[in-house]
Amino acid sequence: MAAVTRSRAFPLALGLGALAAAILAVEVLIRIDAISRYIVPLPSQIAPAFERVIVEEDIAARFQLTFLEAFTAGAMITVVGVALGLLLFRVDILRRATETWVAAMASAPTVLMYPLFLVIFGRSAWTIIMMGFVAGLPPVILKTIEGLAGTRRVLINVGRSFKLTGVQLFTKILFPAALPTIFVGIRLGLIFTLINVVGVEFLINFGGLGQLINDLAERYDLPGTYAAISFVILVSVCFFVLTEWIERWLRPVD
Amino acid sequence: MASVATLPKSDAAGARTPAEAGILVVDDIVKQFATPDGPLIAVDRVSLSVRPGEFLAVIGPSGCGKSTLFNIIGGLLDGYQGAVTVGGETVHGPHPAIGMVFQEESTFPWRTVIENVAFPLEIAGMRRRDRFDKARKFIALVGLGGFEKRYPAELSGGMRQRVAIARTLASEPKILLMDEPFASLDEQTRLLLGDKVLQIQQDLKQTTLLITHNITEAVQLADRILVMTYRPGRVKRIVAIDLPRPRSSDVVSSEAFGRYVAQIWSDLREEASRGMQDEETRTLHAGEGS
């Protein structure tokens, strides 16, 4: 038994098994009228809707658009967030002056600012990207500061004892040491980014999976709506696999 | 026969020791810290001199300013009175001739053993192949051949500390400065690593300054032991250890070793007791204040 649980396939099989069990439970709960089928369609109805959504709704192009918008915003929150986090880490007065505001911004419902972004960027993909960017930036900044500040003093002293320059100290010690925490921030940021990207697509009806969900919901095509939501989850899974792969490449062992 | 060199009474009271000509000279160092209870003198007029190839141990109770002294000599702490010189050159900040081994686990967890050891060579701009070739020699020297591609998380505490020592040695410092490098290890590992350090020190004729609170470790390794007082940290006595070299951990069972340990403990006991009483008093006052 222990050998089975230690195998690499076991966690994957367990996860898929749990998912299948949850879907089966929802199917049963709907059939016995514990959940209203007018709110949640039967999973057995959603499964055939996938084919319809893929064939009739140009899902590949929509998936690509949402993925690219979220990816662009994700790249921006990573570059800008880590840079700002480093700046706030280095300039103590700036950090103390702004850290609370940045934390407050993380919980602000920035999606409600979409009319302002529409005025600034027009009805274009950039409105969606910038909304995703603004929403996903605070966790990256905060976690970058946390990661850099949490670097063990002795590692910095090792660097100082070898007379590292400021840039070397950052690239060789501070950044690699902070990497796991920074990636937690990037993952959190990507969650906020993706929610906002799909949400704004939904609100301004500008292509992508968000617009598709809006269209299908307005047609009261509940199985199709849930099938489209599954593709949003797929985008999220892609991002998590990608970030995990990059983290392993940058820092093979914790 | 064991010989114990005791300073004159006036010096033993805490004034300066004679700074003999040495590769490392610490001259009349005073370091004071500001605390909520007022200024605290951590190190008070400490002077010492380390001769080329010598192994000097600095021993004292917790809170005697050993680590402060370590940081001052290593150039990690400034704002002190007095001077530290290496080969006649005054130390301002970390000096390339001084290699430091820290008490805490200090290997880089994201680097393999060979990447850790080659780190100072990488900083010096050495080509990858050359620095790895050189790093392998130091890895072998600390007895970790075959572990080059392992990560620190895959090694024991003692092995990780040997990686840290090899990394410092790879920078080929004139003086090896170690701050309680075996403090977190068990006694058996500590003795065996002591053997390894002795062997390396003999092979490389490495000038070494060891900061420790462990009497056995100090007597096992050192040519001379500098005993410090509890707060403020002053030089209480310097003891010359006249045990035959090359030494190994077997020396701990000799009669002379026991006499040295007893001698140093008699010096330290009073200081350690003062330290313990001071700690208890502060804990009591902190409890009353809260």
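Residues numbered from 1 in each chain as written. Chains lettered and ligands numbered in written order. Predicted model: local features only at pLDDT ≥ 70, side-chain atom pairs only at ≥ 80, totals over all residues.

In this section: the domain arrangement of chain B. Residues and elements named next belong to chain B. If you check the domain split of chain B, you get domain 1 (9-97 + 174-289) and domain 2 (104-172). In this structure, domain 1 and domain 2 have C-alpha centres spaced 26 Å apart. Each partner contributes to the interface: domain 1 provides nine residues, whereas domain 2 provides nine residues. Ranked by residues supplied to the side of domain 1 that touches domain 2, first place goes to helix 7 (residues 187-204) with four residues. (Domains from an automatic or database assignment. Contact = placed C-beta atoms within 7 Å. Helix = DSSP H or I, 4+ residues; strand = E, 2+ residues; numbered from the N terminus.)

Taking strand neighbours across the sheet as the criterion, the four strands line up as 2-1-4-5 (chain B) in an open arrangement whose pairing is antiparallel. The open sheet has two edge strands, strand 2 (38-50) and strand 5 (89-90) of chain B, and neither has a second partner. (Pairing = 2+ DSSP bridges.)

A word on helix 5 (residues 92-107) of chain A. Residues and elements named next belong to chain A. Counted at 1.5 Å a residue, the expected span for helix 5 with its 16 residues is 22 Å, and the 23 Å between its end C-alpha atoms agrees. At T98, helix 5 shows its largest kink, close to 45°. Of all 16 residues in helix 5, zero are buried; the element is thus mostly exposed. (Expected span 1.5 Å × (residues − 1). Bend = angle between axes of the 7 residues up to and from the residue. Buried ≥ 20, exposed ≤ 12 C-beta atoms within 10 Å, placed from the backbone.)

Attention now moves to the pairing of strand 1 (residues 24-35) of chain B. Within a regular beta strand, the side chains point alternately toward one face of the sheet and then the other, so they alternate between its two faces. Residues and elements named next belong to chain B. Strand direction decides the pairing type here: strand 1 and strand 2, joined by nine bridges, are antiparallel. Bridge pairing links F33 to L40 in strand 2. Inspection of the sheet shows strand 1 paired to strand 4 (residues 81-86) by five bridges, in the antiparallel sense. Across the sheet, residue V26 finds its bridge partner in strand 4, namely V84.

Partitioning chain A into structural domains gives domain 1 (1-40) and domain 2 (56-250). The centre of domain 1 of chain A, based on its C-alpha atoms, is set 30 Å off from the matching centre of domain 2 of chain A.

Contacts between the two partners involve 16 residues from chain B and, on the opposite side, 14 residues from chain A. By residue class, the composition of the side of chain B that touches chain A is twelve nonpolar, three polar and one charged. (Nonpolar A, V, L, I, M, F, W, Y, C, P; charged D, E, K, R; others polar.)

Take helix 2 (residues 9-31) of chain A next. Structural remark: α-helix, 3.6 residues per turn; residues separated by three or four positions point the same way. Residue and element names in this part refer to chain A. Counted at 1.5 Å a residue, the expected span for helix 2 with its 23 residues is 33 Å, and the 33 Å between its end C-alpha atoms agrees. Little of helix 2 sits out of view: just zero of its 23 residues are buried. Immediately beyond the C-terminal end of helix 2, within one or two residues, lies D33, with a positive phi of roughly 65°.

Turning our eyes to something else, we now look at the nonpolar core. Membership of the largest hydrophobic core comes to 131 residues, with the highest contact counts inside it found for I59, V117, A166, A222 and I225 of chain B. Broken down by element, the residue count for this core peaks at 15 residues, all from helix 9 (residues 166-204) of chain A. Aside from chain neighbours lying at most four places away, what touches A166 of chain B is V117, F138, I139, L141, V142 and L144 of chain B. (Core = buried A, V, L, I, M, F, W, Y, C linked by C-beta atoms within 7 Å.)

Once that is clear, we can look at the confidence of the model for chain B. Residue and element names in this part refer to chain B. Per-residue pLDDT for chain B has a mean of 86; in total, 91% of the residues score no lower than 70. For chain B, helix 1 (residues 9-12) is the element with the lowest average pLDDT, namely 36, and helix 3 (residues 113-117) is the one with the highest, namely 97. Complex prediction metrics read pTM 0.80 and ipTM 0.84. (pLDDT = per-residue confidence, 0-100.)

This paragraph deals with the environment of P39 of chain B. All names here are of chain B. One can find P39 in strand 2. Judged by the 9 C-beta atoms lying within 10 Å of it, P39 falls in the exposed class. Sequence-wise, P39 and L121 are 82 residues apart; in three dimensions their C-alpha atoms are separated by 41 Å. Apart from the residues within four sequence positions on either side, P39 is in contact with Q32 and A34.

So, on to the sheet that holds strand 8 (residues 207-212) of chain B. Residues and elements named next belong to chain B. Read across the open sheet, the six strands follow the order 6-7-8-3-9-10; overall the sheet is mixed. Of all strands in the sheet, those bounded by a partner on one side alone are strand 6 (98-101) and strand 10 (235-240). Shown here is a sheet whose adjacent strand axes are inclined to one another by a mean of 15°, direction ignored. As judged from the five bridges shared by strand 7 (residues 175-179) and strand 8, these two strands associate in the parallel manner. Residue M178 lies in a different strand from strand 8, and its bridge partner there is L210. (Axes fitted to C-alpha atoms, helices over the stretch in contact; angles between N-to-C directions.)

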